[in-house]
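Here is how the chains run, residue by residue.
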Amino acid sequence: MEHQQRSRARLSPSSDTEDMTMLLAPRLAHFAGVARTEHVTRAAQEMRVPQSTLSRAMVRLEQDLGVGLFARHGRTVSLTPAGRTFLASVERALAEIGRAAEEVRADADPATGKVAFGFLHTMGAETVPGLIHAFRADHPRIRFSLVQNYGEAMIERLRSGELDLCLTSPVPDAPDLVARRLDEQKLRLVVPADHRLASRKRVRLAEAADETFVTLEPGYGMRRITDDLCQEAGFKPRIAFEGEEAETLRGLVAAGLGVALLPPPAVPRPGVVELTVTAPRAAREIGVAWMADRPDTPPVAAFKRFLLSRRGNLLPT
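Only a predicted model underlies this, so the values are computations on that prediction, with no experimental measurement involved. Throughout this document, residue positions are counted from 1 along each chain, in the order its sequence is written. Since the coordinates come from a predicted model, pLDDT governs what is reported: local features require at least 70, and pairs of side-chain atoms require 80 or more to be given and counted, while whole-chain, interface and lining totals use all residues. Hydrogens and water molecules were not included; the side-chain quantities draw on all heavy atoms of the structure.

(A) Summary view of the pattern of salt bridges. Each reported salt bridge corresponds to a side-chain nitrogen of Lys or Arg within 4 Å of a carboxyl oxygen of Asp or Glu. In the structure shown here, the tally under the stated rule is 22 salt bridges. For Glu-62, the salt bridge goes to Arg-72, with nearest N and O atoms at 3.1 Å. Separated by ten residues along the polypeptide, Glu-62 in helix α5 (residues 51–65) and Arg-72 in strand β1 (residues 70–73) bring together distant segments of the chain. The closest approach of N and O atoms between Arg-159 and Glu-156, which form a salt bridge, is 3.2 Å. Taken together, the positions of Arg-159 and Glu-156, both in helix α8 (residues 151–160) and three residues apart, correspond to about one turn of that helix. Judged by its relative accessible area of 47%, Glu-156 falls in the partly exposed class. Each helix is a run of DSSP H or I of at least 4 residues and each strand a run of E of at least 2, with the numbering of both proceeding from the N terminus. Residue burial is assigned from relative accessible area. The probe radius is 1.4 Å, only protein chains are included, and a residue is buried under 20% of its type maximum, exposed over 50%, and partly exposed in between.

(B) Up close: the nonpolar core. To define a nonpolar core, start from buried Ala, Val, Leu, Ile, Met, Phe, Trp, Tyr and Cys residues and group those joined through side-chain atoms within 4.5 Å. Counting residues in hydrophobic clusters, the biggest one holds 37 residues, and the most contacted among them are Phe-117, Leu-165, Leu-167, Phe-303 and Leu-307. Looking at this core, the elements that each hand over two or more residues are β3 (114–119), α7 (127–136), β4 (143–148), α8, β5 (165–168), β6 (177–186), β13 (283–291) and α11 (298–309). Contacts were defined at the residue level, with two residues in contact if any of their heavy atoms lie within 4.5 Å. Residues within four places of Leu-167 in sequence aside, it is in contact with Phe-117, Gly-118, Phe-119, Leu-120, Val-128, Leu-131, Met-154, Leu-182, Gly-287, Val-288 and Leu-314. Counting residues in each nonpolar core, the second largest holds 29 residues, with Leu-197, Ala-198, Ala-208 and Val-277 among its members.

(C) Geometry of the sheet that holds β4. The strand order across the open sheet formed by five strands is β4-β3-β5-β13-β6, and the pairing between neighbours is mixed. If you trace the sheet from one side to the other, it starts and ends with β4 and β6, each paired once. If you compare each strand with its neighbour and ignore which way they point, the axes differ by 20° on average. Here β5 pairs with β13 via three bridges, running antiparallel. By the bridge assignment, Leu-167 is partnered in β13 with Val-288. With respect to the sheet, α8 is in contact with β3, β4, β5, β6 and β13, its orientation differing from that of β5 by roughly 165°. In this analysis, strands are considered paired if DSSP registers two or more bridges between them. For helices, the fitted axis covers only the stretch in contact; all axes are lines through C-alpha atoms, and the angles between them, taken along N-to-C directions, range from 0 to 180 degrees.

(D) Here's a closer look at the packing of α7 against α11. Between α7 and α11, whose axes approach to 11 Å, the crossing angle comes to 115°. Every pair of crossing elements has a handedness; the one defined by α7 and α11 is right-handed. Here Leu-131, Ala-134 and Phe-135 of α7 lie close against α11, whose contacting residues are Ala-302, Phe-303, Phe-306 and Leu-307. Of the residues that constitute the contact of α7 with α11, the class distribution is seven nonpolar, no polar and no charged. What makes a crossing left-handed is the near helix being turned counterclockwise from the far one by less than a right angle; a clockwise turn instead makes it right-handed. All residues other than Ala, Val, Leu, Ile, Met, Phe, Trp, Tyr, Cys, Pro, Asp, Glu, Lys and Arg, Gly among them, are scored as polar; the first ten of these are nonpolar and the last four charged.

(E) Examining the sheet that holds strand β12 (residues 272–279) more closely. Pairing is mixed across the open sheet formed by four strands, whose spatial order is β8-β12-β7-β11. Across the chains shown, the open sheet's two edge strands, defined by having one partner strand only, are β8 (202–204) and β11 (260–262). Looking at each pair of strands side by side, their axes are set apart by 45° on average, direction ignored. Relative to β12, strand β7 (residues 188–192) is paired through five bridges, and the arrangement is antiparallel. Among the inter-strand pairings, Val-190 is bridged to a residue of β12, identified as Glu-274.

Below you can see the structure in the form of structure tokens.
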């Protein structure tokens, strides 16, 4: 009686749903086994638990719910209407747990598992497809879940567990992350084909101080680099447009809307000229980042080793 009163007090109408779930969850498989066999002894044998343990677990389950789930008939049992209702939901829950367990095991499989990989928009045309193609030469069945985004958004996805690894720039520096520099990419001043500087091959960035710039939005790594380089050159850029994608900016440069600091294009763009910047030194570091305290599955570890092996040879030549 005392035990029954304690159980009911623990699951009063004001009890939190999470508390009830934690209390009931360990007994659900036992309940389903008894319900399936309609025999406690047989269920105990199939599940390899002592019959006394199983019997007590079913009594506790009924007490915690405050509902009779079984009608007892000697050594056999049958479900009450409440028991049948409960069983339908329990079977769905156990099936979902089984699917989830199978999914995470499959994702961790060394040969066929999954890597959640993020990368910058400017890495999508050539760099990432080339990396995945090279990696899959030795790991042909590993799967990828790919996310293309700007740097800060990918770092947040790393922290939330949506990504295993990401290629980003600038290389992040945070105590909860591990980041490794992989390569460096020179930036160019992109000007319209009829621009006053278009006949040049090289230019100092200060020579564009009076120009209007088109840039990526704040929050993008390239925007931060653009602002820093312009400040180092002694001016603050006048912004005509803030976008989300480098090739859009090239199109706007070709249309005469302004100039831009950008990494090299995958394919040459008509209507623009790309100038080497001699001062200040215009380049961005590309690195790979992951969470410091998160263990790798075998496929993630394999892809991480592959990326680190490409240090200095990450970008297409």
